[in-house]
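Inside the fold
Here is what each chain is made of, one letter per residue.
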Amino acid sequence: MPKKPANTIAISEFKATCLAVLERVRRTGTPIVVTRRGQPVAEVVPPSLASTGDAWLGSMRSTATIAGDLVAPTSDADEWEVLRS
């Protein structure tokens, strides 16, 4: 995907309209370069796909299987000293 050309904005204007600028970058995907006296000082870019992608929680859903009883001891109680009465 080709990168869109960046717009520029003076730092004083960015300070006054920060939230609107951030929303515009998110909505349009076009980066904005913040300048001070004509010199770039920062670039506001939209988030990458990796940072906005699917949530990692639940991403491995349906990838494991349960084999056997999860709460039963793994072996006979006689084999474990701590389980002996």
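Right, let's walk through the structure included here. Here the structure is a predicted model, which means the values were calculated and not measured.

Re the pairing of strand β3 (residues 39-44)
Here strand β2 (residues 32-36) runs beside β3; their pairing, made up of five bridges, is antiparallel. What sits directly across from R36, in β3, is Q39. Remark: two residues form the turn of the hairpin made by β2 and β3, two consecutive strands paired antiparallel; R37 in that turn has positive phi of roughly 55°.

Let's talk about the nonpolar core
Counting seven residues, the largest nonpolar core is built from I9, F14, V21, V25, I32, V34 and V44. What V44 contacts, discounting residues up to four positions off in sequence, is F14, L22, V25, P31, I32 and V34.

What counts, and where the lines are drawn
Once a new chain begins, its residue numbering starts again from 1 and follows that chain's sequence as written. pLDDT decides what is reported in this predicted model: residues at 70 or higher carry local features, side-chain atom pairs at 80 or more are listed and counted, and totals for whole chains, interfaces and linings draw on all residues regardless. With hydrogens and water stripped out, all remaining heavy atoms of the structure feed into the side-chain values. Here, any two strands with at least 2 DSSP bridges between them count as paired. Counting from the N terminus, the helices are the DSSP runs of H or I reaching at least four residues and the strands are the DSSP runs of E reaching at least two. Among the buried residues, those of types Ala, Val, Leu, Ile, Met, Phe, Trp, Tyr and Cys that are joined through side-chain atoms within 4.5 Å form a nonpolar core. When a residue's accessible area, from a 1.4 Å probe over protein chains only, is under 20% of the maximum for its type it is buried; when over 50% it is exposed; and in between it is partly exposed. Two residues form a contact once any of their heavy atoms are found within 4.5 Å.

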